[in-house]
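The lines below spell out each chain.
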Amino acid sequence: YTNGNARCRVQLALDSPLMAQFGSYINNPQMASAMGLQTRRVNGTKLMFKEKDQSVIMIYNNRFFIQISNTRNLNEQQVLEVLKGLNFEVLKNFK
């Protein structure tokens, strides 16, 4: 994603082994907090937000590992807006 001098990398992986690892962080707030992650919700789905580098880790529909990283000149609200811009209906129906 690029908008002027603001940019970030959006990565999606289907049925990734990383989901098990990060799923434990998402479901355990104490573990997430120890890693500097904070829980947020987008479209009713929990995600982990790391304020230090404005990055996001999310597992959607128990199949998609979504990560937003390498954020430059974006604040938390803008990063979450990028995530909201993904077409979750297409992902939900992906086979």
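Check the entry above for the structure.
Now for a look at the structure at hand. These figures come from a predicted structure and were not determined experimentally.

1. Thoughts on the layout of surface pockets
(1) Moving on: Each pocket or cavity is described by its volume, and for the largest pocket that value is around 180 Å³.
(2) Moving on: Taken together, M19, G23, I26, N27, T45, K46, I59, Y60, N61 and N62 make up the lining of the largest pocket.
(3) Moving on: Contributions of two or more residues to the lining of the largest pocket are made by α1 (18-27), β4 (45-50) and β5 (55-60).
(4) Moving on: Ranked by the residues each element gives to the lining of the largest pocket, the list is headed by α1, at 4 residues.
(5) Moving on: When grouped by side-chain class, the residues that make up the lining of the largest pocket number 4 nonpolar, 5 polar and 1 charged.

2. Concerning the side chain of S69
(1) Moving on: Following the sequence through the fold, S69 ends up in strand β6 (residues 64-72).
(2) Moving on: Leaving out residues up to four positions away in the same chain, S69 has contacts with C8, R9, Q11 and S55.

Conventions adopted
- Residues numbered from 1 in each chain as written.
- Predicted model: local features only at pLDDT ≥ 70, side-chain atom pairs only at ≥ 80, totals over all residues.
- Heavy atoms only, no water.
- 1 Å grid on protein atoms, 1.4 Å probe; cavity = no way out; pocket = protein on both sides within 12 Å on 5 of 7 lines; lining within 4 Å.
- Points joined across faces, edges and corners; volume = space filled by probe spheres on them.
- Helix = DSSP H or I, 4+ residues; strand = E, 2+ residues; numbered from the N terminus.
- Nonpolar A, V, L, I, M, F, W, Y, C, P; charged D, E, K, R; others polar.
- Contact = heavy atoms within 4.5 Å.

On their own, these measurements won't tell you what the molecule is for.
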